[in-house]
Amino acid sequence: MVPRLFLPVLLTAITTVFFSPVNGQTTITGTVRDSLSKKPLKGATLQLTDGDGISVVLGFTDSIGRFSLKVPAVGSYTVRVQHLGFKRHSLPVAVNDSVQKPLDIILAMDNIMLEGVDVAAIQTVILKGDTTEFNAAAFKTEPFADSDALLTQLPGVEVDAEGNLMAQGERVARIIVDGKTFFDSDPRIAMKTLPADIIDKVQIIDEQSEQARFTGFDDGQRRKVINIVTKPDRRTGYFGRVAGGYGSTDRYTTGGNINFFGGDRRLSLTAVANNVNQQGFGMADIGAGGGGGMAMMSGGGGMMRGGRRGGGRGGPAGGGMMMGGGGTMGGIPGNTNTGSLALNYNTTWFENLEFGGDYAFNRTASLVTSVVNRETLIGDPINQISLQESHNDRLNQSHRAGFRVEYKLDSMQELTFRPNFSVQRTGGINRTAGSTMFADQVPINASDRSQENRSNNFNISGNLDYRLRLAKPGRTVSLSANGSYNSNKGLAQTLSFNEFFEDHVLGRTDTVNNLNNTSGFGNGLTGRLAYTEPLGGASRVQANYSLRTNASFSDRETMDFLAETGQFSELNRQLSNTFNNDYLHHSGGLTYQFSKEAFSFDAGMDYQGANIRNHQTFPEDQLLSHGFRSFLPNASLSYRPSRAYHVRLQYNTATNPPSINQLQNVINNEDPLNIRSGNASLAQEFQHRFNLTFTKINRETGAHLNVSANADFSNNRVVNSTFIATEDTEVAPGIVLGAGGQFTRPVNVDGYYAVRGNISWGKPIEALKLNLSLNTGLFHTHDIGLLNLQETFSNTTGINQRISVNSRISEKLLYNVTYSGNYSMVDNSNVASGDSYNYFNQTFRQDLTWIFWKGIRVNSSIMYTKNSGLSQGYNQDFFLWNASLGKKLFKGDKAELTLSVNDVLNRNTNVDRSVTELYIIDSSSNVLRQYFLLSFTYNLRHFGPGMGGFGRGMGRAS
């Protein structure tokens, strides 16, 4: 194991020595200035290209407009300069062995940007390559609103039911501020921490990987990133909000955030505590100042969201639309007490060293009571119906921290280090009572079960990247290493009383009373070496080699209760197991890329050799190894005839090894009617993925169109094989599965696929001061499983439609109207052709905020939900109405006193449907219903001098 772990480190050392920059490099220096004021421009981007147009060096100006570019060899080059709000500038440079004279580059203001100064003709959108930039001045928000009130007005941008930010049909991976990370671990925190009134521009970016940005070799990897550009006069100062409220039935909510911005040094702190089901950091949810109405549904209603799919695990994500697994209709389930703290810090040291870090603490105590109707689709002879009522009291506490250190040694080298760690503690008590019967009401079994459990988990990981440009333009070497370690400990006590019936008569009873003690750990190391070589003109090639090794250990000890001793003192060997898993893979390959003007194409192939070694040491010593050899092709095609149009087609393949929990062959009878086991013979999955995306943006009107199609196919997919007992059956020595009980273990099968398409369209309607957004999703999923050793499948086909209208009339009158419809058709191989499991969910929502006469603020959010096609008793239609009345106080309306009512009609409801290849599950849960809350909010704002030295960086003044 040690030589394997040491190999990437050794490769790093050798490559650094032999591929270090050559001596004798020439340096181009100079200054970039504004043509009008002649003042230096900070943050201008400079790109040095060779005669073939290939990028050689990338650099930026410092705080006084200076730059330095190290040129690898003599020759003719072009310096290309750009800066937000200025015209792009290019100039030829001849580099020889003599000392280069400093350049004085003058940038002229962009005429398009100058036109935007005219209030009557504010330009809404500007296109810059993979970036779409919106002018915040063209959109209206109420005073002191959070940034999400602005972001959701942008064409093609919306927040889904779970609070995830979607842009142009894709989920936003992160939010950055002025090009720097900001709560990198969770975009939702960033969105709820920044106020809308400090935003100058919003840039939606199809961000390439760091590797691609450095080498210029586009690897096809993209993720949606939003860069919030702050107003220049808001970059030094502090801002935030404090709020608190108390109401009927002892409901409370309190919290605050404070942000210190001082040039390159920024500090943000956010804290929240409440018992009204607010899970995030939205300050508009705490008080009332600045939510635009959307936040009023917190703790109340939610839109439809994706449920569970296939094989007991999540299915493919799909652009925020519901993907056929069902979803939640109505309020957030249960009642939760939350306490959260988040901290973010960013700074720049010595001009070339950037540091950033996040820390988050979260504590939740939840109480959920639910009623579940599960129909097991056996088909022959008859389906089974399970009715279950559960009471779950759970406590969760977690700490997460992540850091990023980026060191630019010079224009040819950069080093990045990203460590992360997390600690989580959970505990809970679950009580469940239920019964199972055939569809004709003949009883099968009944159970009354209680379980108390607690667990502790620790994770630490780090990623180190070193990238180097060599003497020849376009030639690069990149090294990366990632290490991780995790550990877990758990304790679960189960007490279950079970009854089994024969011909309507109680046949036998069974009691399970045991204590499960589990512990485990895992470590892994991944190393990757990539080399890029230009082939002249528009062609280049990249070679790569990677090594990955993982070692995992899991120990499960089950002790049975002995009445004679009154203790858990007898070891149950059939329910105990000690297991080791080692995974090693090597891969290497080549990728060719051609790129010229509007067209680019690449194709490549990797070869992968992998080995899985499973070693069970208790209760019996068993050793099992599997070897896998795979070819992994990839290809992509990109065409951009203009800045307004872009078409991208991608194909890639990947393998996915099974987890230690899936591999460990130990019986788990914590639920005696649903016994589970692992499978040490599992093979790794092989996945094919296709993606086609078309984007069109009108720079004059801001209208946006995004069309995407995705297809996923899996071989050797890990799914559940379920055996349903018709009579008492021994599934392992001494382990009896009663009639109607289920025994499940994972197996590999072929044939899973999912196809989905999405059309997202948005356009500002200037005549009506509205933003109109349409989102249509189509999907088809083919899930596969095994039932009593026979292959079963479920085909789910559906359509989602979302229509949203947001007003831009005035910052004191805001409204939006949303319709969401989700229709799914389910075809199951075990269901008679005449039976229907189709279902339809519709949600209509209206939000209104009106500020009038001396700062009176009225807020109303109404949501109507209609369900059809669910089980009897679950087709519930209901209204959810939240409202508030507030009064602005103090100078500048910085404070507000608000009386709010959650669920005015006292009709809040929660209904959920999940669909797999074996089950149709409908459930309802307790929800937070009507309460009154009186709250006070105060907004903090101070910009300009008086930061007490906070803005001064280390090594230079910021």
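Residues numbered from 1 in each chain as written. Predicted model: local features only at pLDDT ≥ 70, side-chain atom pairs only at ≥ 80, totals over all residues. Heavy atoms only, no water.

Colleague: Can you walk me through the overall build of the protein in this structure?
Modeller: Within the protein, the secondary structure is distributed over seven helices and 51 strands. Counting all 958 residues of the protein, 51% fall into the buried class. Sequence-distant contacts, at least 24 apart, represent 66% of the contacts inside the protein between residues at least 6 apart. With an accessible surface of roughly 40900 Å², the protein has 56% of that area assigned to carbon and sulfur atoms. (Helix = DSSP H or I, 4+ residues; strand = E, 2+ residues; numbered from the N terminus. Buried < 20%, exposed > 50% of the residue type's maximum accessible area, 1.4 Å probe, protein only. Contact = heavy atoms within 4.5 Å. Areas by Shrake-Rupley, 256 points an atom, 1.4 Å probe, with all protein chains shown as cover.)

Colleague: How should the nonpolar core be read in this particular structure?
Modeller: Considering soluble globular proteins, one finds that nonpolar side chains tend to be buried as a cluster. Grouped together as the largest cluster of nonpolar side chains are 36 residues, with contacts concentrated most on L151, L165, I175, L194 and I226. Elements with a contribution of two residues or more to this core: strand 8 (125-128), helix 3 (147-151), strand 11 (165-167), strand 12 (170-177), helix 4 (187-193), strand 14 (199-208) and strand 15 (222-230). When residues no more than four places from it in sequence are discounted, the contact partners of I175 are L151, L165, F182, P187, A190, M191, I226 and I228. Core analysis: the next-biggest nonpolar cluster, separate from the first, contains 22 residues, L41, V57, V79 and V81 among them. (Core = buried A, V, L, I, M, F, W, Y, C linked by side-chain atoms within 4.5 Å.)

Colleague: What's the story with the sheet that holds strand 7 (residues 103-107) in this structure? I'm lost.
Modeller: Pairing between the strands of a sheet is mediated by backbone hydrogen bonds and can be parallel or antiparallel. Strand order in the open sheet formed by three strands is 4-1-7, and the pairing between neighbours is mixed. Looking along the sheet, the strands with just one partner apiece sit at the ends: strand 4 (66-71) and strand 7. Taken pair by pair, the neighbouring strands of this sheet meet at an average axis angle of 30 degrees, ignoring direction. Sheet analysis places strand 1 (residues 26-34) next to strand 7, joined by five bridges and oriented parallel. If you follow T31 over to strand 7, its bridge partner there is D104. (Pairing = 2+ DSSP bridges. Axes fitted to C-alpha atoms, helices over the stretch in contact; angles between N-to-C directions.)

Colleague: When you look at a nonpolar patch on the surface in this model, what are you seeing that I'm missing?
Modeller: Together, F599, F601, L637, Y639, V647, L649 and L692 line one region of the surface with nonpolar side chains, adding up to about 560 Å² of accessible area. Among the elements of the structure, strand 31 (599-618), strand 32 (622-642) and strand 33 (645-656) are those that each provide at least two residues to the nonpolar patch. Here F601 shows up in strand 31. Assessed through its relative accessible area of 34%, F601 is described here as partly exposed. (Patch = residues over 30% accessible without salt bridge, like charges linked within 9 Å, V, L, I, M, F, W, Y side chains within 5 Å. Salt bridge = Lys/Arg side-chain N within 4 Å of Asp/Glu carboxyl O.)

Colleague: Can you walk me through the packing of aromatic side chains in this structure?
Modeller: Here a ring pair, both rings aromatic, is described through the centre-centre distance and the interplanar angle of the planes. Following the criterion strictly, the structure yields 22 aromatic pairs and no others. Arranged with centres 6.5 Å apart and planes meeting at 80 degrees, the rings of F182 and F261 form a pair that is edge-to-face. A residue pair is termed long-range when its members are at least 10 positions apart, and F182 in the loop between strand 13 (180-181) and helix 4 and F261 in strand 17 (residues 252-262) qualify at 79 residues. Residue F182 shares its accessibility class with F261, and that shared class is buried. Aromatic pair Y345 and F355: ring centres 6.4 Å apart, planes at 55 degrees, arrangement tilted. Placement of the pair is Y345 in strand 21 (residues 335-349) and F355 in strand 22 (residues 353-376), with a sequence separation of 10 residues. A residue is classified by how much of its surface remains accessible, and Y345, at 23% relative accessible area, is partly exposed. Each residue in the set F182, F183, F239, F261 and F943 is aromatic and connected to the rest through ring pairs, giving one cluster. When the ring centre of Y752 is taken as reference, the NZ or CZ atom of R717 above it lies at 3.6 Å. (Phe/Tyr/Trp six-rings, centres within 6.5 Å; stacked < 30°, edge-to-face > 60°. Lys NZ or Arg CZ within 6 Å of the ring centre and 35° of its normal.)

Colleague: Would you explain the pattern of salt bridges in this entry?
Modeller: Two side chains of opposite charge can pair, provided their charged atoms sit close to one another. Scanning the entire structure with this criterion turns up 32 salt bridges. Put simply, R33 and D104 hold a salt bridge, and the shortest N to O gap is 2.6 Å. Of this pair, R33 sits in strand 1 while D104 sits in strand 7, placing them 71 residues apart in sequence. Of the charged contacts in the structure, one is a salt bridge between K70 and D410, with a shortest N-O distance of 3.7 Å. Note that K70 is positioned in strand 4 and D410 in strand 23 (residues 384-410), a separation of 340 residues in sequence. Members of the salt-bridge network, linked through shared partners, are R404, E406, K408, E414 and R467.

Colleague: Just to check I follow, could you spell out the environment of R188 for this structure?
Modeller: Examined against the element boundaries, R188 turns out to sit in helix 4. Sequence-wise, R188 and N164 are 24 residues apart; in three dimensions their C-alpha atoms are separated by 6.8 Å.

Colleague: Would you take a moment to explain the side chain of E685 for this structure?
Modeller: For E685, the position within the fold is in strand 35 (residues 685-697). Reaching out from E685, the side chain makes a polar contact with the backbone nitrogen of V718 at a distance of 2.8 Å. (Polar contact = N/O pair within 3.5 Å; in protein donor to acceptor, adjacent residues only side chain to side chain.)

Colleague: Explain unusual backbone geometry here, please?
Modeller: Glycine aside, residues mostly have negative phi angles, and peptide bonds mostly take the trans form. Note the cis peptide between F618 and P619, where omega equals 5 degrees. Non-glycine residue Q441 carries a positive phi angle of around 75 degrees. Within the secondary structure layout, Q441 lies in the loop between strand 24 (413-438) and strand 25 (443-469).

Colleague: When you look at the pairing of strand 23 in this model, what are you seeing that I'm missing?
Modeller: Consecutive side chains of a regular strand alternate in pointing toward one face of the sheet and then the other. For strand 22 and strand 23, the ladder comprises 24 bridges, and the chain directions are antiparallel. In the sheet register, V368 faces strand 23, and the bridge partner there is N392. Where strand 23 meets strand 24, 23 bridges bridge the pair, whose relative direction is antiparallel. Across the sheet, residue R394 finds its bridge partner in strand 24, namely G428. Joining the antiparallel neighbours strand 23 and strand 24 is a turn of two residues.

Colleague: It is not clear to me how the side chain of N775 should be interpreted in this structure. Could you clarify?
Modeller: Mapped onto the elements, N775 comes out in strand 42 (residues 770-787). When its relative accessible area of 11% is taken as the criterion, N775 is described as buried. In this view, N775 contacts E158, N758, I759, S760, N800, Q801 and R802; residues no more than four positions away in its chain are not counted.

Colleague: Hey, could you run me through the confidence of the model for the protein in this one?
Modeller: Note that predicted coordinates carrying low pLDDT should not be read in detail. For the protein, mean pLDDT is 84; residues scoring 70 or higher make up 87% of the total. Under a pLDDT of 50 for its full length, residues 951-958 has, in the predicted model, 19 contacts with residues more than four places off or in other chains. (pLDDT = per-residue confidence, 0-100.)

Colleague: For this particular structure, what's the right way to read the environment of Y874?
Modeller: Along the chain, the position of Y874 falls in the loop between strand 46 (856-868) and strand 47 (878-889). C-alpha separation for the pair Y874 and N910, spaced 36 residues apart in sequence, amounts to 9.5 Å. In this structure Y874 touches V371, V372, N373, N867, V911, D922, S923 and S924, once residues within four positions along its chain are discounted.

Colleague: Just checking my understanding: could you explain the environment of S478 for this structure?
Modeller: Summarising the element assignment, S478 is placed in strand 26 (residues 476-502). Given a relative accessible area of 4%, S478 falls into the buried group. Residues S478 and E414, spaced 64 residues apart in sequence, show a C-alpha to C-alpha distance of 9.8 Å. Discounting residues that sit within four places of it in the chain, S478 has contacts with Q211, T215, Y466, R467, R528, L529 and A530.

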